[in-house]
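Chain by chain, the residues:
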Amino acid sequence: MAKQGEELEGIWQDREIKFDQPPSVLAMRKGEIAFTYITVEDTKGNNGDRGILTVTNLRLLWTSSKNSRTNLSIGFSCVTNVAIRLVTSKLKGSTQALCVMTRFNGARFEFIFTSLVKNSPRLFVSVQAVFRSYETTKLYRDLKLRGAIIQDKELVMLPNEQIYNKVNGIWNLSSDQGNLGQFFITNVRVVWFALLAENFNVSIPYLQMKSINVRNSKFGQALVIETTQGSGGYILGFRADPVDHLETIYQEISHLWQVFSKNPLFGVDAVVEEQPETPQEAMVPRHEDDVEILDSDELEPCLLYYADGDKELDREPVYNTDLGLAVERLKEGTTVATLWNIL
């Protein structure tokens, strides 16, 4: 039985949001590519704090220039919208900034980044281009059932995809009688479709495979592909006719899966118009405070980024009698007391 799925199943970088992580969590994984580095302010959670935003093919990484322990990792799978809006920045005053709306573990988070590169649109252009590419290349990363992936009995190819083998006489064992179809074996996935109904198909990326083996079934010897829990935890069975082809198919898919596991291809590609800064050029000299970090009851970092409904602009300041200060006008139905209760 071939089983390389543990390493691939551990790919979380595009599917999770993490706050204030150790450097090892921010390190690039196999197949992750950094497109650009931009000096930005984290206006939402650390207003006035300069840092470096790294745009990769899987996520957005922000690290504070003052303290590397203050950082963000935002997977593109969590992003629901990318927009430009007017904000108030401590470093640039009233200015346009990039607003990234996300959803993770049932909670909605909002991240606002203000570019500190003078007269450069690279922040907006780069993030929007990479996010668009991520959204349009999901077949590289997600299992797809009954998709528009076959046309006139030919596979609709993905960019940089190569077909290594096309195998006839493959029966899908999902029903009692089985369905006769065909395999396409490529460098990024295995695709099966029914000869009598092209829309009855399945696309199985190597990224979502957990194991592959040959075992007995009520139909005889069958190729069994198990997918990761993140893709639904499917167990898919196929029979070859003639059965002698089964071992060859198993060996070919196992080999391609092993090769893919060593250097995953996520499919995300983007062209950055301006010449990006290198990490060395973008980085501001970092001065770590020589202090001991103690556990405390301070606010959890994630609470700083909770999305405030459909808010588009900062509200006007008003005098609050409870605090004796001018503060941003609270949402209707919200009081200072209820805000303290959140803590």
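Residues numbered from 1 in each chain as written. Predicted model: local features only at pLDDT ≥ 70, side-chain atom pairs only at ≥ 80, totals over all residues. Heavy atoms only, no water.

A word on the overall build of the protein chain
This is how the line gets drawn: Only runs of H or I of at least four residues qualify as helices and only runs of E of at least two qualify as strands under DSSP, and these elements are numbered from the N terminus. In this scheme, a residue with accessible area under 20% of its type's maximum is buried, one over 50% is exposed, and one in between is partly exposed, where area comes from a 1.4 Å probe on protein chains only. In what follows, a contact means two residues having at least one pair of non-hydrogen atoms within 4.5 Å. The Shrake-Rupley method, run with a 1.4 Å probe, gives the accessible areas here. Residue values count only the displayed protein chains as cover.
For the protein chain, the count of helices and strands is six helices and 20 strands. Here the protein chain holds 343 residues, and 47% of them are scored as buried. Taking the contacts inside the protein chain whose residues are at least 6 apart along the sequence as the reference set, 58% of them involve residues at least 24 apart. When the accessible surface of the protein chain is totalled, it reaches about 18,000 Å², and 50% of it is carbon and sulfur.

Details of helix 4 (residues 245-262)
Residues three or four positions apart in an α-helix share a direction because the helix packs 3.6 residues into each turn. Under the convention used in this document: Expected span of a helix: the number of residues minus one, times 1.5 Å.
If you check helix 4, its first and last C-alpha atoms are 26 Å apart, about what 18 residues at 1.5 Å a residue would give, namely 26 Å. When we look at burial in helix 4, the residues that qualify are L246, I249, Y250, I253, S254, L256, W257, F260 and S261.

Regarding the sheet that holds strand 7 (residues 93-104)
To keep it simple, the criterion reads: Strands are treated as partners if at least two bridges between them are detected by DSSP. Lines fitted to C-alpha atoms define the axes, with helix axes restricted to the stretch in contact, and inter-axis angles between N-to-C directions lie between 0 and 180 degrees.
The eight strands lie next to each other as 1-5-4-3-2-8-7-6, forming an open sheet whose pairing is antiparallel. Only two strands of the sheet have a single partner each, and these edge strands are strand 1 (17-19) and strand 6 (79-89). Within this sheet the neighbouring strands show an average axis-to-axis angle of 30°, counted without direction. Where strand 7 meets strand 8 (residues 107-115), seven bridges bridge the pair, whose relative direction is antiparallel. In the sheet register, V100 faces strand 8, and the bridge partner there is F111.

Overview of the confidence of the model for the protein chain
Put simply, the rule reads: Looking at any residue, its pLDDT shows the predictor's confidence there, from 0 to 100.
Looking at the protein chain as a whole, its pLDDT mean stands at 86, while 84% of the residues score no less than 70. The least confident element of the protein chain is helix 5 (residues 279-282), whose mean pLDDT is 48; the most confident is strand 14 (residues 189-194), at 98.

Brief notes about the sheet that holds strand 14
Two orientations exist for strands paired in a sheet by backbone hydrogen bonds: parallel and antiparallel. Pairing is antiparallel across the open sheet formed by eight strands, whose spatial order is 9-15-14-13-12-18-17-16. Edge positions in the sheet fall to strand 9 (144-145) and strand 16 (209-217), since each of these pairs with one other strand and no more. In this structure, strand 13 (residues 179-186) lies alongside strand 14, joined through five bridges in antiparallel fashion. In the sheet register, I185 faces strand 14, and the bridge partner there is V190. Packing of helix 4 onto the sheet brings it into contact with strand 12 (163-172), strand 13, strand 14, strand 16, strand 17 (220-227) and strand 18 (235-240), and relative to strand 16 it is tilted by some 170°.

Quick look at the packing of aromatic side chains
Test applied: In this scheme Phe, Tyr and Trp rings, the latter by its six-membered ring, pair at centre separations within 6.5 Å, and the angle between planes marks the pair as stacked below 30 degrees, edge-to-face above 60, and tilted otherwise. Charge-over-ring placement is defined geometrically: NZ (Lys) or CZ (Arg) within 6 Å of the ring centre, and within 35 degrees of the ring normal.
Scanning the model with the defined rule gives 12 aromatic pairs in all. When the ring centre of Y134 is taken as reference, the NZ or CZ atom of R141 above it lies at 3.8 Å.

Here we look at the pairing of strand 20 (residues 325-328)
When a strand is regular, its side chains alternate between the sheet's two faces. Judged from the four bridges that link them, strand 19 (residues 317-320) and strand 20 form a sheet pairing that is antiparallel. Counterpart to Y319 in the pairing with strand 20 is A326.

Focus on the environment of W12
Positionally, W12 belongs in the loop between helix 1 (5-9) and strand 1. Residue classification places W12 among the buried positions, given a relative accessible area of 18%. It is 8.0 Å that separates the C-alpha atoms of W12 and G75, two residues lying 63 residues apart in sequence. Look past the residues within four positions of W12 in its chain and what remains in contact with it is K18, V25, R59 and S73.

Notes on the side chain of R122
We apply this condition: Any pair of N or O atoms that falls within 3.5 Å is considered a polar contact. Within protein, one atom must be able to donate a hydrogen and the other to accept it, and sequence-neighbouring residues count only if both atoms are side-chain atoms.
Here R122 is to be found in helix 3 (residues 122-135). We classify R122 as buried; its relative accessible area is 5%. A distance of 3.2 Å separates the side chain of R122 from the backbone oxygen of Y37, its partner in a polar contact.

What to know about the pattern of salt bridges
In plain terms, the rule: Salt bridge criterion: a side-chain nitrogen from Lys or Arg within 4 Å of a carboxyl oxygen from Asp or Glu.
With the rule as written, the count across this model stands at nine salt bridges. For R15, the salt bridge identified is with D142, shortest N-O distance 3.0 Å. Taken together, the positions of R15 in the loop between helix 1 and strand 1 and D142 in the loop between helix 3 and strand 9 put the pair 127 residues apart, joining distant regions of the chain. Here R15 falls in the partly exposed class, since its relative accessible area comes to 31%.

Thoughts on helix 3
Look at helix 3: 20 Å from first C-alpha to last across 14 residues, which is about the 20 Å you get at 1.5 Å a residue. In terms of burial, helix 3 is a largely internal element, 10 of the 14 residues being buried. Of all the residues in helix 3, the buried ones are R122, L123, F124, S126, V127, A129, V130, F131, S133 and Y134. Elements that come into contact with the buried residues of helix 3 comprise strand 2 (34-42), strand 3 (50-56), strand 4 (59-64), strand 6, strand 7 and strand 8.

Things to note about the environment of K66
Position of K66 among the secondary structure elements: in the loop between strand 4 and strand 5 (71-75). Assessed through its relative accessible area of 55%, K66 is described here as exposed.

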